[in-house]
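Below are the chains, spelled out letter by letter.
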Amino acid sequence: MSHSVALERITMAFGATKAVDDVSFTVEPGEFFSILGPSGCGKTTILRMVAGFLAPSMGRVLIGDRDMGGLGPNQRPTAMIFQSLALFPLMPVWENIAFGLEARGVPKAERRRRAEELLELIALPGYGDRKIAELSGGQKQRVAIARALAVEPQVLLLDEPLSALDLKLRQHMRAELRAIQKRTGVTFLYITHDQSEALAMSDRVAVMSAGVLQQVAAPRTLYEDPATPFVARFVGETNAIAGRVAHVADGIAALDTAHGRLSARAGAGVEQGCPATLYVRPEALGIAAADAPSALGARVERLDFEGAFGLLHAVAADGAPVLAALPSTALGAAPAPGEDVRFAFAPRDAVALGTAPGEA
Amino acid sequence: MGALTARFGAGLTGFFVLLVGFWLAGLVLAPNLMMIDFALRPNLLPADVGGPLDVYSLDNLAYLANEPVHRDIFLKTVWASALVMLATFVVCYPLAYWLAQTASPSAASLVMLALIIPFWINEVLRTLAWYILFAFRGPLNALLLNLGILDEPMRWYGDGGVLVGMVYAYILFMLFPIYNSIESLEKAQVEAARDLGASTWRIHTRIVIPHAKAGIATGCVFTFMLAAGSYVAPALLGAPGSRWFTQIIYNWFFEGGDWNRGAAYALVLLVLCLAVVLLTLRLFRVSLTDVAK
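Because the structure is predicted, anything quoted here is derived from the model rather than measured.

Conventions used here
- Residues numbered from 1 in each chain as written.
- Chains lettered and ligands numbered in written order.
- Predicted model: local features only at pLDDT ≥ 70, side-chain atom pairs only at ≥ 80, totals over all residues.
- Heavy atoms only, no water.
- Helix = DSSP H or I, 4+ residues; strand = E, 2+ residues; numbered from the N terminus.
- Buried < 20%, exposed > 50% of the residue type's maximum accessible area, 1.4 Å probe, protein only.
- Contact = heavy atoms within 4.5 Å.
- Areas by Shrake-Rupley, 256 points an atom, 1.4 Å probe, with all protein chains shown as cover.
- Pairing = 2+ DSSP bridges.
- Axes fitted to C-alpha atoms, helices over the stretch in contact; angles between N-to-C directions.
- Salt bridge = Lys/Arg side-chain N within 4 Å of Asp/Glu carboxyl O.
- Buried area = accessible area lost by both parts, 1.4 Å probe.
- Polar contact = N/O pair within 3.5 Å; in protein donor to acceptor, adjacent residues only side chain to side chain.
- Nonpolar A, V, L, I, M, F, W, Y, C, P; charged D, E, K, R; others polar.
- Parallel < 35°, antiparallel > 145°, perpendicular 65-115°, else oblique.

> An account of the overall build of chain A is needed here, citing residue identities and associated values.
Each helix and strand counted, chain A has nine helices and 20 strands in total. The principal-axis extents of the C-alpha atoms in chain A amount to approximately 80 × 45 × 35 Å. Residues counted as buried form 50% of the 360 residues belonging to chain A. Relative to all contacts within chain A whose residues are 6 or more apart in sequence, the contacts with residues 24 or more apart total 65%. Only carbon and sulfur atoms are counted for the fraction: they give 53% of the accessible area of chain A, which is about 15600 Å².

Shown next as structure tokens:
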């Protein structure tokens, strides 16, 4: 078995609109793979096509190298965890967990035994006879995971299952999901619009926008080396500075911008004379020495202290906001609101991407 | 009571209580008590009423128990009403599920409208329409003869005609309670069950029907009571061999002139309906307040 899930040139059209437009990617066995994008980007449509609730207009879905065309959700080696969890409120916990086994004709005693095993796995031993309504949000979450794992799926599909939880519980469940995934070795295909969730849990992340796949990469690569302007802006905070490419040498592009000439790594679509945008992360910016050759000039508006670091909000001369994250240890020397400041950054820490026509 | 007084003042509250009291005592309790009183007295000439012959007895009920034709019609009414209930459920459940879960909003409202429009006409006229359709030289026989399905016209009046007429007449009383209860079922529950490998049969028996059981019980109770107390459908669509218990009651009152025996028969029907309601609720483990919703 080479791939756990493979999407081959999937397109899904609803009338004239394409919810998913020519998307291909593969998920490896045992991988925690996330699809990240804003709402309406087509990520849920992809998940429902893998689950079998929707049939793609074009393209193929393969699971374990088997073509899933014509197979319904009850015939696929997948199990889904719904956003609402969709636990069955009229059944006790153990019957919920064992429902998939019941559908497969497993005898009752065996079902009960398997349910107890899974309750151990999700750290809820002895909860089998509870009612669903008696469980807390996090416990329901874990029962939903156990119910999906009970059918021993090759791929577990998760549709933003943590979105209903409060922040603390969400962070806890992230670690728990990751641990369960490592323990069971099941492939996880995870849908989320929360980038910190995707970056923290995933082996690899696919970023989507408006039905189009933007980039598939490991979380750090996405953050440090975005392939498209959308990824640069959507994943993490960034400062975008528009300009024109003056020259490219040794993988470093020099851009003429409103701040003068700035240098960054040359990314996709950067050629001499072309319009391009330079992206630099807030934490890559530092207060420049007075004689720094190239720097971003701006006026400080306010400083938000966040504990480990402070966020310096500033505005450049052309009105563009500039955001810098300074470590708390450097805040003593930070400029006060109303002062002019110059930020510098190492060209290695910034990336320039070609600006497509129509994009700012 | 305190909340009512605080909200409407003592005068208005007193008026409300009086109205409800009048409705309960005057319009519900009194007629039923009078019926029981009638049922337990013998049918006498006006001159003998209140005289030495006018004593309470169970003679009228015993008459029903010992009269084989009436007894059979009573028992037949019971099981035929149960059959109407079952047939109406079989017709309504898939329709209610489709309307509540899978139909597009425009298709659902169109079908709903098509179902409701006939109910703007009075029940007698609707049954009369079936009477015309089922006539020996009527459209149904003509159609079946033309299609070559029948070689000679059928007599539709009788048990089959009554069943069809009643299922049609009571469809909405079954459909709406079931529709309401299925509509409140989250779609993801059905999807989750399917995703876990459940067959369509199992999805319905394990997820949809348990969720909708209050609505199903309500629909069944309504339909049974309406069927058992129905008069028009058996009168128009029935044949001499398919008489309904309500027709016997009618005859005692208006043709036999024996109101006492008629009241006794009606009492038996009332008790039967009460028993069915309570049994159904027990069977579905639904409480009366669930049904009232």
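> I'd like to hear about the sheet that holds strand β6 (residues 78-81) of chain A, residue by residue, with values.
Residues and elements named next belong to chain A. Strand order in the open sheet formed by six strands is β6-β7-β8-β3-β9-β10, with mixed pairing between adjacent strands. Of all strands in the sheet, those bounded by a partner on one side alone are β6 and β10 (212-217). Direction aside, neighbouring strands of the sheet carry axes that sit 20 degrees apart on average. Two strands pair when backbone bridges link them, and strand β9 (residues 204-209) and β10 are joined in this way by five bridges, in the antiparallel orientation. Of the residues in β10, the one forming a bridge with S209 is V212. Packed on one face of the sheet, helix α5 (residues 137-149) meets β6 and β7 (155-159) and runs near 170 degrees to β6.

> Please set out the environment of I203 of chain B residue by residue, giving values where relevant.
All names here are of chain B. Note that I203 resides in helix α9 (residues 200-228). Classification of I203 by relative accessible area gives buried; the value is 2%. Each C-alpha atom of the pair I203 and V190 lies 6.7 Å from the other, and the pair is 13 residues apart in sequence. If near-sequence neighbours (up to four positions away) are discounted, I203 is found in contact with V190, A193, R194, A198 and V208.

> Tell me about the side chain of N96 of chain A, and please be specific about residues and values.
Residue and element names in this part refer to chain A. Within the element layout of this structure, N96 appears in helix α2 (residues 93-97). Residue classification places N96 among the buried residues on the basis of a relative accessible area of 0%. The contact partners of N96, leaving out residues within four places of it in the chain, are L87, F88, M91, I132, V143 and R147.

> Before we move on, can you summarise the pattern of salt bridges with the specific residues and values?
Evaluated as defined, the whole model comprises 27 salt bridges over all chains. Here R48 of chain A and E191 of chain B are joined by a salt bridge, their closest N and O atoms 2.5 Å apart. With R48 of chain A in helix α1 (residues 43-51) and E191 of chain B in helix α8 (residues 187-195), this residue pair bridges two chains. The closest approach of N and O atoms between E176 of chain A and R142 of chain A, which form a salt bridge, is 3.5 Å. Within this pair, whereas E176 of chain A is found in helix α6 (residues 167-184), its partner R142 of chain A is found in helix α5, the two being separated by 34 residues in sequence. For the pair E176 of chain A and R142 of chain A, one class covers both residues: buried. Among the charged side chains, a network of salt bridges with common partners joins E110, R113, R114, E117 and E152 of chain A.

> A description of the interface of chain B and chain A should follow, citing residues and the corresponding values.
Between chain B and chain A, the residue contacts involve 16 residues of the former and 25 residues of the latter. Buried area between chain B and chain A, both sides added, is near 1800 Å², and the carbon and sulfur share of it is 57%. Together, D195, L196 and R206 of chain B form the three largest contributors to the area buried by chain B at its contact with chain A, with a combined 40%. Counting every contact that joins chain B to chain A gives four salt bridges. Here chain B and chain A share eight residue pairs in polar contact (both at pLDDT 80 or more) between them. At the level of secondary structure, the elements contributing two or more residues to the side of chain B that touches chain A comprise α8 and α9 of chain B. The dominant element in the side of chain B that touches chain A, judged by the number of residues it contributes, is α8 of chain B, at seven residues. Tallied by class, residues from the side of chain B that touches chain A come to seven nonpolar, three polar and six charged.

> Break down the packing of helix α3 (residues 68-102) of chain B against helix α11 (residues 245-254) of chain B for me, citing the residues and quoting the values.
When two helices pack together, you describe them by how their axes are tilted relative to each other and by the distance separating the axes. Residue and element names in this part refer to chain B. Packing of α3 against α11 leaves a shortest axis separation of 8 Å and a crossing angle of 135 degrees. On the basis of the axis angle, α3 is oblique to α11. Along the contact surface, α3 presents H70, I73, F74 and T77, while α11 presents F245, I248 and W252.

> Any details on the pairing of strand β17 (residues 309-316) of chain A? Residues and values, ideally.
Residues and elements named next belong to chain A. Direction of pairing for strand β16 (residues 296-305) relative to β17: antiparallel, over a ladder of seven bridges. Each bridged residue has a counterpart across the sheet, and for R299 the counterpart in β17 is V315. Joining the antiparallel neighbours β16 and β17 is a turn of three residues, in which G307 adopts a positive phi near 100 degrees. Pairing between β17 and strand β18 (residues 321-327): seven bridges, direction antiparallel. Bridged to F309 within β18 is P327. Hairpin connection, β17 to β18: the antiparallel pair is bridged by four residues, and G319 has positive phi, about 90 degrees.

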